[in-house]
Structures are given as structure tokens and as C-alpha cells.
Amino acid sequence: MTSLSGQPCMQRLLPLASSGPSYSRHHHRLLLYLLLVLSWKTTVLTGAKGVSVHNVSVPTPGIAGEAARLECHWSPGSKGFYSVRWYKDGEQFYSFIPRNRPEVKVDHNLPGVTVFLSESNEYVVTLRKIDLASQGVYRCEVMSEAPTFQTSFASANLTVVDVPEAPQLTGLQDKYTVGDTLHVNCTARDSHPAARITFRVNGSFIHPGSGRVTAFPTEGGVASGNPYALSTTSSQLSFPLGEHHVPAVTVQCRAEVLSVARANSTTVRVEPRSSFSFFNAGVPRCCPGLLLVVALSALTYLLSTC
């Protein structure tokens, strides 16, 4: 670095460093600043690398009532690292600084964020029993060691769902006869967002647009004005039964919330249609010969009257 007069700046500043009591605090700060700049330039020119955060991974989705593991994938470079900090929607809630004792610190008690400290370190933060207030953007920020204190960060969005218990099946009879129409209601309670209901009969998917599925209006949810309100979803299946459904059919209802699903199924009997004819009416099955005698007698009588 060269001054306007042509003399190197460092040569002009060195006499100031040896001027004893006349050496001012302002000059001392200026010298330290120049040394930091030169150190930074040396780091860049020699190819030294700082920390690099590659990505952040979160559950997809997180499930209310369960723990959530947030992972920060990063490399320290050649200078090592000074700290790792985590933020939710811009507010810091966790830091890991090796020089500090203890190393781990929870900075803020944010709604929906409770850190499981024994399961957290410089690469992983585990949240206890998340809820709908836990969803948001989580950012991991890693800082290099002195003198550069270079910072690198990445973020990911955590979506939290409230999954219902197994859906309820109602309206089924104990048994049906070929030609009957099976009607069954399926209800998924207390989910967020609203669950999507689908049916299967003997393993075959019943398309919602087949005309056999009726979806009822969703109760509760965001329509109530509360963004965290739970929803109740119901649908009805109307399904005609044929000969190929004898002796039983299995009906399954599946409630899906994003990529998480709960299912319930039940099996009911299907009997063939009862039939009546002259040849089997009132004739015991144990006496087939009697049927032949009756038929021959009737035929003889008809012939004799002609």
C-alpha cells in the first residue's frame, strides 16, 4: 500500500508506533485496522477458505406432537468456525460457540420452539413436541474464526401438520344381498390442514369423480378465522354390489394430510340373491329321487289327458 507522497503507508505509521506517550489512540486504531485489512487480503490471495453452509434439512412435513430434527450441513474450511446460530423467522433461538462454557445457549423462548439440548450440537437442533406454531423459516448461520469472521447461511421452511386419528366409518350394515347399494360415511376429525378422504373397495380405488363419492362441506379450519383451527372432513361412498362381491367386501377409508395418511377398514358379508322355482320349491335336498317321481307323474297325467 502506497501513500500519495509515494512513501509506503506502513513505513510512515511505524514511527508513530514508537513515539511513546505522543502515540495517539486514533493512530493505534488505524494501525489495527490496516493490519486486519492486510490479513484479509493475505487470506484471499493464499486461497484460504472460510466456512460454507451447503443446505438445511427439516422434516417434510413436521407432525404436531412429535419431535423435529433440523440439520445444518456445512464445512468449516481452513480457518475453523467461531459459532453456529439458528433463527426462526429472523429471531435467534439457539447458538453453539465452542469457546463458551456451556457451549450451547438458548437465546429466546419462541412460541412453538423448545430445544432438546441433549440431542442438539453444532450440526443438529432437535425440537421437542412441535405444534402448529412451530412452522416457519429456519435459518442456520455459521461464522468463521478470527480475523475474518466470514458468515455463511442457508434456510428451509418447516410445515407442520396435525394428523387425525384413524377415520371413522359409519352407516354400514352387518350383511348385504347382491343388488343392494352399500352406503358408508367416512369422517376425519381434528386435522390441519383439512384431510383429503378417499375410498377403496376390495383394494380397488374409487375415483372421487366416479359419481359414487359425495364430499360434505368441511367444518372448522381456516374458515373459522383461526389459522390454527382444526378441521373435520366427511365423505360418503355409495357402491352397488354384484355377484362378484360374494361372499364379502372390504371397504377402506383413507384420510391424507399432505404426505401423511391414516386409514381404517372393515369387512361386511354379501349374500347371493335367493331364487324360487317349481323344481326346488318345498323339496328337501336330501331326497332328489322324489323330485324325479313328481316330474314323471305330472308328465304322465298331461299325456293321458291329451
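Our structure is the block above this text.
Everything numeric in this text was worked out from a predicted model, so none of it was measured.

Enquirer: Outline the overall build of the protein chain, listing residues and values.
Expert: Looking only at helices and strands, one finds 3 helices and 20 strands in the protein chain. Counting only residues that meet the buried cut, the protein chain has 31% of its 306 residues in that class. In the protein chain, once contacts between residues fewer than 6 apart in sequence are set aside, the share between residues at least 24 apart is 60%. Put simply, the protein chain shows about 18,500 Å² of open surface, and 56% of that area lies on carbon and sulfur atoms.

Enquirer: Can you break down the state of the cysteines residue by residue, with the values?
Expert: Applying the stated criterion across every chain yields a total of 2 disulfides. A disulfide bridge connects Cys186 with Cys253, and the sulfur atoms are separated by 1.6 Å. Taking the torsion about the S-S bond as the criterion, the Cys186 to Cys253 disulfide, at about -65°, is left-handed. One end of the pair, Cys186, is in strand E13 (residues 181-191); the other, Cys253, is in strand E19 (residues 248-257), and 67 residues separate them in sequence. Judged by its relative accessible area of 0%, Cys186 is buried. Take Cys253: its relative accessible area is 0%, and that puts it in the buried class. Sequence-ordered numbering of the disulfide-bonded cysteines in the protein chain gives the connectivity 1-2, 3-4.

Enquirer: I'd love a proper account of the sheet that holds strand E14 (residues 196-201), names of residues and values included.
Expert: In a beta sheet, neighbouring strands are held together by backbone hydrogen bonds and run either parallel or antiparallel to one another. Pairing is mixed across the open sheet formed by 5 strands, whose spatial order is E12-E20-E19-E14-E15. Each having just a single partner strand, strand E12 (175-177) and strand E15 (204-206) make up the two edges of the open sheet. Adjacent strand axes in the sheet meet at a mean angle of 35°, parallel and antiparallel pairs treated alike.

Enquirer: I'd love a proper account of the side chain of Glu145, names of residues and values included.
Expert: Tracing the sequence through the fold places Glu145 in the loop between strand E8 (136-144) and strand E9 (151-158). At 2.9 Å, the side chain of Glu145 forms a polar contact with the side chain of Arg99. Not counting chain neighbours up to four residues away, the residues in contact with Glu145 comprise Lys79, Gly80, Phe81, Tyr82 and Arg99.

Enquirer: Break down the pattern of salt bridges for me, citing the residues and quoting the values.
Expert: Evaluated as defined, the whole model comprises 9 salt bridges. Taking the shortest distance from any N to any O, the salt bridge between Lys175 and Glu271 comes out at 4.0 Å. Of this pair, Lys175 sits in strand E12 while Glu271 is found in strand E20 (residues 260-271), placing the two residues 96 residues apart along the sequence. The class of Glu271 is partly exposed, set by a relative accessible area of 27%. Between Arg254 and Glu256 there is a salt bridge, and its shortest N-O distance comes to 2.8 Å. Here Glu256 falls in the partly exposed class, since its relative accessible area comes to 21%. Sharing partners across several salt bridges, the network here consists of Lys175, Arg269 and Glu271.

About the criteria used
Residues numbered from 1 in each chain as written. Predicted model: local features only at pLDDT ≥ 70, side-chain atom pairs only at ≥ 80, totals over all residues. Heavy atoms only, no water. Helix = DSSP H or I, 4+ residues; strand = E, 2+ residues; numbered from the N terminus. Buried < 20%, exposed > 50% of the residue type's maximum accessible area, 1.4 Å probe, protein only. Contact = heavy atoms within 4.5 Å. Areas by Shrake-Rupley, 256 points an atom, 1.4 Å probe, with all protein chains shown as cover. Disulfide = S-S within 2.5 Å. Pairing = 2+ DSSP bridges. Axes fitted to C-alpha atoms, helices over the stretch in contact; angles between N-to-C directions. Polar contact = N/O pair within 3.5 Å; in protein donor to acceptor, adjacent residues only side chain to side chain. Salt bridge = Lys/Arg side-chain N within 4 Å of Asp/Glu carboxyl O.

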